[in-house]
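Descriptive analysis of the structure
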Amino acid sequence: IRELELQLSILQKQHQDDVKALRKNDRSLKELAAQDDENKKNQVRLQDLIEKLQSKIKMYKRQVEEAESSAGQSLSKYRHAQHELEDAVERMEMAEASLAKMRTRTETHVVTRRHVGGVRASVPSSHVTGGTSSHVTRHVYGDEGAGGTTVVRRTVTRTTRRVVTTSDED
(Lines give C-alpha, C1' and ligand atoms only; values in the text may rest on other atoms or scores of the structure.)
Protein backbone atom coordinates (compact mmCIF):
# COMPACT_ATOMS: atom_id res chain seq x y z
CA ILE A 1 0.00 0.00 0.00
CA ARG A 2 2.82 2.30 0.73
CA GLU A 3 4.24 1.72 -2.56
CA LEU A 4 0.95 2.54 -4.14
CA GLU A 5 0.59 5.64 -2.03
CA LEU A 6 4.08 6.64 -2.99
CA GLN A 7 3.29 6.14 -6.64
CA LEU A 8 0.04 8.04 -6.19
CA SER A 9 1.82 10.98 -4.62
CA ILE A 10 4.44 10.93 -7.42
CA LEU A 11 1.69 10.82 -10.01
CA GLN A 12 -0.21 13.65 -8.30
CA LYS A 13 2.95 15.74 -8.23
CA GLN A 14 3.53 15.03 -11.92
CA HIS A 15 -0.07 15.89 -12.61
CA GLN A 16 0.32 19.22 -10.80
CA ASP A 17 3.53 19.92 -12.73
CA ASP A 18 1.76 19.04 -15.97
CA VAL A 19 -1.20 21.30 -15.09
CA LYS A 20 1.26 24.09 -14.28
CA ALA A 21 3.05 23.57 -17.58
CA LEU A 22 -0.31 23.45 -19.37
CA ARG A 23 -1.40 26.75 -17.82
CA LYS A 24 1.97 28.28 -18.66
CA ASN A 25 1.67 27.07 -22.24
CA ASP A 26 -1.93 28.36 -22.39
CA ARG A 27 -0.75 31.77 -21.21
CA SER A 28 2.04 31.76 -23.81
CA LEU A 29 -0.43 30.70 -26.47
CA LYS A 30 -2.85 33.49 -25.52
CA GLU A 31 0.01 36.01 -25.54
CA LEU A 32 1.14 34.82 -28.95
CA ALA A 33 -2.44 34.93 -30.25
CA ALA A 34 -2.84 38.50 -28.95
CA GLN A 35 0.51 39.42 -30.49
CA ASP A 36 -0.60 37.86 -33.79
CA ASP A 37 -3.85 39.84 -33.71
CA GLU A 38 -1.90 43.04 -33.01
CA ASN A 39 0.52 42.25 -35.85
CA LYS A 40 -2.42 41.67 -38.21
CA LYS A 41 -3.97 45.01 -37.20
CA ASN A 42 -0.61 46.74 -37.69
CA GLN A 43 -0.23 45.07 -41.05
CA VAL A 44 -3.69 46.32 -42.11
CA ARG A 45 -2.88 49.86 -40.87
CA LEU A 46 0.47 49.81 -42.64
CA GLN A 47 -1.13 48.55 -45.83
CA ASP A 48 -3.70 51.37 -45.66
CA LEU A 49 -0.90 53.86 -45.02
CA ILE A 50 1.06 52.46 -47.97
CA GLU A 51 -1.97 52.82 -50.24
CA LYS A 52 -2.57 56.40 -49.05
CA LEU A 53 1.08 57.29 -49.56
CA GLN A 54 1.07 55.74 -53.02
CA SER A 55 -2.02 57.75 -53.94
CA LYS A 56 -0.31 60.90 -52.61
CA ILE A 57 2.78 60.08 -54.65
CA LYS A 58 0.63 59.71 -57.76
CA MET A 59 -1.11 63.01 -56.96
CA TYR A 60 2.25 64.75 -56.44
CA LYS A 61 3.57 63.29 -59.68
CA ARG A 62 0.50 64.66 -61.47
CA GLN A 63 1.01 68.04 -59.82
CA VAL A 64 4.68 68.05 -60.82
CA GLU A 65 3.73 67.22 -64.41
CA GLU A 66 1.13 70.01 -64.40
CA ALA A 67 3.64 72.43 -62.87
CA GLU A 68 6.23 71.47 -65.48
CA SER A 69 3.66 71.94 -68.21
CA SER A 70 2.64 75.31 -66.77
CA ALA A 71 6.29 76.33 -66.41
CA GLY A 72 6.89 75.32 -70.02
CA GLN A 73 3.93 77.39 -71.15
CA SER A 74 5.08 80.34 -69.04
CA LEU A 75 8.58 80.05 -70.45
CA SER A 76 7.16 79.91 -73.95
CA LYS A 77 5.03 83.01 -73.26
CA TYR A 78 8.07 84.74 -71.75
CA ARG A 79 10.21 83.96 -74.79
CA HIS A 80 7.41 85.12 -77.09
CA ALA A 81 7.03 88.37 -75.11
CA GLN A 82 10.80 88.83 -75.11
CA HIS A 83 10.87 88.34 -78.88
CA GLU A 84 8.03 90.83 -79.30
CA LEU A 85 9.90 93.28 -77.05
CA GLU A 86 13.06 92.90 -79.13
CA ASP A 87 11.01 93.49 -82.29
CA ALA A 88 9.38 96.55 -80.71
CA VAL A 89 12.78 97.91 -79.63
CA GLU A 90 14.09 97.35 -83.13
CA ARG A 91 11.06 99.14 -84.61
CA MET A 92 11.50 101.95 -82.06
CA GLU A 93 15.17 102.34 -82.97
CA MET A 94 14.26 102.43 -86.65
CA ALA A 95 11.56 105.02 -85.94
CA GLU A 96 14.01 107.11 -83.88
CA ALA A 97 16.55 106.92 -86.69
CA SER A 98 13.88 107.95 -89.18
CA LEU A 99 12.78 110.78 -86.89
CA ALA A 100 16.38 111.95 -86.47
CA LYS A 101 16.76 111.87 -90.26
CA MET A 102 13.59 113.89 -90.65
CA ARG A 103 14.77 116.38 -88.03
CA THR A 104 18.01 116.90 -89.88
CA ARG A 105 16.04 117.88 -92.93
CA THR A 106 14.85 121.41 -93.31
CA GLU A 107 12.58 122.63 -90.55
CA THR A 108 10.82 125.94 -90.69
CA HIS A 109 9.95 127.83 -87.54
CA VAL A 110 8.12 131.11 -87.39
CA VAL A 111 8.77 133.47 -84.48
CA THR A 112 6.78 136.68 -84.16
CA ARG A 113 8.08 139.82 -82.36
CA ARG A 114 7.12 143.44 -82.21
CA HIS A 115 9.53 145.65 -84.08
CA VAL A 116 9.64 149.29 -85.06
CA GLY A 117 9.97 150.16 -88.72
CA GLY A 118 9.15 148.69 -92.07
CA VAL A 119 12.63 147.35 -92.74
CA ARG A 120 13.24 143.99 -94.29
CA ALA A 121 16.58 142.57 -93.15
CA SER A 122 18.63 139.43 -93.03
CA VAL A 123 19.84 138.31 -89.57
CA PRO A 124 23.53 137.40 -89.45
CA SER A 125 24.49 133.91 -88.30
CA SER A 126 26.09 135.39 -85.16
CA HIS A 127 22.55 135.93 -83.84
CA VAL A 128 21.79 132.20 -84.08
CA THR A 129 22.86 130.06 -81.11
CA GLY A 130 23.29 126.32 -80.79
CA GLY A 131 24.95 125.08 -83.95
CA THR A 132 26.65 125.67 -87.24
CA SER A 133 24.66 125.38 -90.42
CA SER A 134 21.52 127.49 -90.44
CA HIS A 135 19.94 130.18 -92.54
CA VAL A 136 17.79 132.82 -90.87
CA THR A 137 15.79 135.54 -92.61
CA ARG A 138 13.87 138.32 -90.85
CA HIS A 139 11.06 140.21 -92.50
CA VAL A 140 9.63 143.29 -90.80
CA TYR A 141 6.14 144.42 -91.70
CA GLY A 142 4.38 147.54 -90.48
CA ASP A 143 4.70 151.28 -90.29
CA GLU A 144 7.84 152.90 -89.12
CA GLY A 145 7.45 154.12 -85.56
CA ALA A 146 4.06 152.33 -85.15
CA GLY A 147 5.54 149.06 -83.95
CA GLY A 148 5.35 146.47 -86.71
CA THR A 149 5.52 142.66 -86.65
CA THR A 150 8.75 140.79 -87.25
CA VAL A 151 8.54 137.31 -88.78
CA VAL A 152 11.69 135.31 -88.43
CA ARG A 153 11.98 132.21 -90.56
CA ARG A 154 14.90 129.85 -90.09
CA THR A 155 16.13 126.62 -91.55
CA VAL A 156 18.16 124.46 -89.15
CA THR A 157 19.87 121.12 -89.06
CA ARG A 158 19.39 120.62 -85.33
CA THR A 159 16.41 120.93 -83.06
CA THR A 160 18.36 122.61 -80.25
CA ARG A 161 18.92 125.87 -82.13
CA ARG A 162 17.39 129.13 -81.05
CA VAL A 163 17.19 132.38 -82.94
CA VAL A 164 18.31 135.45 -81.08
CA THR A 165 16.93 138.64 -82.59
CA THR A 166 17.40 142.20 -81.55
CA SER A 167 14.97 144.93 -82.20
CA ASP A 168 15.25 148.68 -82.19
CA GLU A 169 13.12 148.72 -79.02
CA ASP A 170 15.80 146.84 -77.02
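Residues numbered from 1 in each chain as written. Predicted model: local features only at pLDDT ≥ 70, side-chain atom pairs only at ≥ 80, totals over all residues. Heavy atoms only, no water.

Let us now look at the overall build of the protein chain. Helices and strands together make up the secondary structure of the protein chain, namely 1 helix and 6 strands. Seen in sequence order, the protein chain has helices and strands lined up from the N terminus as α-β-β-β-β-β-β. For the protein chain, the proportion of its 170 residues judged to be buried stands at 11%. Taken as a whole, the protein chain presents about 14400 Å² of accessible surface, with 53% of it coming from carbon and sulfur. (Helix = DSSP H or I, 4+ residues; strand = E, 2+ residues; numbered from the N terminus. Buried < 20%, exposed > 50% of the residue type's maximum accessible area, 1.4 Å probe, protein only. Areas by Shrake-Rupley, 256 points an atom, 1.4 Å probe, with all protein chains shown as cover.)

Under the criterion given, the structure shown has 2 salt bridges. Taking the shortest distance from any N to any O, the salt bridge between K40 and D36 comes out at 3.6 Å. Here D36 and K40 lie together in helix α1 (residues 2-104), a separation of 4 residues that amounts to about one turn. Under the relative-accessibility criterion, D36 is labelled partly exposed at 36%. (Salt bridge = Lys/Arg side-chain N within 4 Å of Asp/Glu carboxyl O.)

For the rest of this paragraph, the subject is the confidence of the model for the protein chain. Of the residues in the protein chain, 62% reach a pLDDT of 70 or more, and the chain-wide mean stands at 76. The least confident element of the protein chain, judged by mean pLDDT, is strand β1 (residues 107-115) at 43; the most confident is α1 at 95. Segment residues 108-170 is flagged for pLDDT under 50; beyond a separation of four residues in sequence, or across chains, it makes 122 contacts in the model. (pLDDT = per-residue confidence, 0-100. Contact = heavy atoms within 4.5 Å.)

Right, let's get into the environment of T104. With respect to the helices and strands, the residue T104 is situated in helix α1. Taking relative accessible area as the criterion, T104 reaches 46% and is therefore assigned partly exposed. At a separation of 2.6 Å, a polar atom in the side chain of T104 contacts the main-chain carbonyl oxygen of K101. (Polar contact = N/O pair within 3.5 Å; in protein donor to acceptor, adjacent residues only side chain to side chain.)

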